[in-house]
Structure formats: structure tokens, C-alpha cells
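# Secondary and tertiary structure notes
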Amino acid sequence: MKAVFLDVTTLGNDVDLTPIERVTGGMVKHAATSPGDVLERIRGFDTVLVNKVVLAREHIEQCPELKTIAVVATGLNNVDLKAAKDYGIRVLNVTNYGRSTVAQHTMALMLALATRLLDYDRDVRAGRWGKSDMFCLMNHPILELEGRTLGIIGYGDLGQGVAERAKAFGMKILLGARPGQAAGEVDGYSRIPLDELLPQADVLSLHCLLTEETRHLIGARELQLMKPDALLINTSRGGLVDEQALADALRNGVIGGAGFDVLTEEPPRNGNPLLIDGIPNLIVTPHSAWASREARQRIVEITAHNLASAS
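Note that the structure is a prediction, hence the values are computed from the model and not measured. (Residues numbered from 1 in each chain as written. Predicted model: local features only at pLDDT ≥ 70, side-chain atom pairs only at ≥ 80, totals over all residues. Heavy atoms only, no water.)

Turning our attention to the packing of helix H5 (residues 99-114) against helix H7 (residues 157-168). Between H5 and H7, the least distance of the axes is 9 Å, while the angle of their chain directions is 55 degrees. Taken together, the axis directions place H5 and H7 in an arrangement best described as oblique. For H5 against H7, the interelement crossing comes out right-handed. Every residue of H7 that contacts H5 at Arg99, Ser100, Val102, Ala103, Gln104, Thr106 and Met107 is listed here: Asp157, Leu158, Gln160, Gly161, Val162, Glu164, Arg165 and Ala166. (Axes fitted to C-alpha atoms, helices over the stretch in contact; angles between N-to-C directions. Helix = DSSP H or I, 4+ residues; strand = E, 2+ residues; numbered from the N terminus. Parallel < 35°, antiparallel > 145°, perpendicular 65-115°, else oblique. Left-handed = near helix turned anticlockwise from the far one by under 90°. Contact = heavy atoms within 4.5 Å.)

All right, on to the pattern of salt bridges then. Considering all chains together, one arrives at 18 salt bridges under this definition. Here Asp119 and Arg116 are joined by a salt bridge, their closest N and O atoms 2.7 Å apart. Measuring nitrogen to oxygen at the nearest pair gives 3.5 Å for the salt bridge that ties Arg215 to Glu212. Counted as one network, the salt bridges with shared partners bring together Arg99, Asp157, Glu164 and Arg165. (Salt bridge = Lys/Arg side-chain N within 4 Å of Asp/Glu carboxyl O.)

Moving on, we get to the side chain of Thr106. Counting through the fold element by element, Thr106 comes out in helix H5. Every residue in contact with Thr106, bar those within four places of it in the chain, is listed here: Val162, Ser205, His207, Ile233 and Thr235.

This paragraph deals with the nonpolar core. Leu204, Ile218, Leu223, Leu232 and Leu246 are the most contacted members of the largest nonpolar core, which totals 30 residues. Elements that contribute at least two residues to this core include exactly helix H8 (194-197), strand S10 (203-206), helix H10 (243-251) and strand S12 (257-260). Ranked by residue count, the leading element in this core is H10, at 5 residues. Residues within four places of Leu204 in sequence aside, it is in contact with Gly151, Ile153, Leu197, Leu198, Ile218, Met226, Leu231, Leu232 and Ile233. (Core = buried A, V, L, I, M, F, W, Y, C linked by side-chain atoms within 4.5 Å. Buried < 20%, exposed > 50% of the residue type's maximum accessible area, 1.4 Å probe, protein only.)

Now for the sheet that holds strand S6 (residues 149-153). Here 8 strands make up an open sheet; going across it, the order is S8-S9-S7-S6-S10-S11-S12-S13 and the pairing mixed. Edge positions in the sheet fall to strand S8 (184-186) and strand S13 (282-284), since each has one partner strand and no second. Sheet twist, expressed as the mean angle between neighbouring strand axes with direction ignored, is 20 degrees. Inspection of the sheet shows S12 paired to S13 by 3 bridges, in the parallel sense. The residue bridging Phe260 from the neighbouring strand is Val284, located in S13. (Pairing = 2+ DSSP bridges.)

Listed below in C-alpha cells is the structure:
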């Protein structure tokens, strides 16, 4: 196996790549690869590993030696899958590596929003507690999660992990049917059409892949269907939500808050509607939900297993 990893630093510098190096017999590693360098760097290799580097048809069709593309992540939107199929190239990805860390981050966002944690922290640091005429501050409404309904769209490994943890908080779980997905019952939870789920959900958590069918799954119309104190959590893909519509909805009190770990453009070099100051009860984290060392090491190990199985 002659392998090259185009963006190895995306896994961090604290993971052990030995499992992949052992399977590949060693590999060429690049810290990062710009779009203009992709073709030159993959020529002559039969196996290409990428995390976020884009492999387009123009790259695939000019590399007859290429046999395997290993995406060291779950999402496949950076690979032209049609071109890979046309040229008989296997595309491997990594699933079931981040259940604990992504579910933990999802719950952290949910809890921080429900308790208005950041708002109260800012108040204390601004001296408002010290000026209070009583022993505490109660100037931000707190949402108690027990007995509330959590709607989950995307009930794969990550959605299941979130459901387990939310159930421990005493929440009721409902699943939302994605476009083209049948309603019914899954693991004892009801899966209902999205338009039926949205008015019932106190918290809506997204865990589905970004496809043409799910792009802007939540837009202005869907936000209007939600409760005025509902929370929207997205630790999946930025394009699932119309970000301008969400910013407007938060400013106008259409919903109660949102916690996002993902944006449409990452990193957001050209700005983003959700990064403008003054949007109430919004938390944005830098696509870090997946990034515990344990999860990143699992990515390495699963990638090595995938490559070994495919060889």
C-alpha cells in the first residue's frame, strides 16, 4: 500500500498514528494541503487519506493509480462520490467514534442555554450580583429540563447517545422523520413528521448528515413552528439550518435560544449571521464537539481497521 495523508494536523498533535502507519507500511504525511497542491501530492499513490481536504473529479480522473480514499471523519461531502464510483475507487469513512464526546458537548450546550449559564456568568463579572438588592440574581429565565420534550433528528449513533443522556435528565424523547424517512417507532421512541415534532419540542437537537434533502432543513417556516422558549442544538452540520433565519428568530423571540458547534463555512473567514454581536441566548463553539483525545484516537484506530479490511 502506497499511502499519503493530506491534512494530518486536523487530528491534532497528541494522537498516535502508529496503527495507520503499520497497516500502510508507512505513509507520506502533509500537515495541510491547499487546493492547488492536491493533485501533485496524490499522484502515484493508491491510497489517499483526508479529513477535510476536497477530492474532486478533476483529481480522481487524473490519478489512475488511486484505489482507495480513506476519509478520517464521518462526513463524505468533501469527496466527489460519483467520480469515485465511476473510476471504481473505494471510499471509506469513520463512524461510531464520537458518541460519548459529541453527546457530552450536546448536553453541555443544552444545559448552558437552559440555565442561562453564560448570561449569569457575564452578569457576575460585570458587577451586577454585587449590586443586587437580594442574595441572588434571577434576571434570566431558567428552563428545567426534567419533563420537557427533546426532539432528535438523526437517530444514528450520536442521536442515540444524546437520547440516553437526556433520558437520564428525565426528558421525554421524540424522533423527527427526515425528508423521505418513514414515521413509526424506533427503540420505543415515536418517530413523527417534522411538522408535528416542531410544535412539541422544548429542545430540538440535530444529528443528521448534510445532503441536498437536509440542507436548510430548519428555516424560517420551521422556526415559526417551534415554541417561543424552545432551544435548537446543532452539533452536526452547519448547512442544516438557515443561519440568517435563525439569527432573526433569536432577535425577535421566535425561539428561546440556540447552541451551535458548526457553521456553513468553517472556519468562518467571511463572517456569519450567527457571529454578529447582540444575538440573545446563543452559544457558538468552533466545531470542537468531536475533538476529545479519546475520540480522535478512535478515528485513527477505526481508519486503520478499515484500511486493513479493504486491502
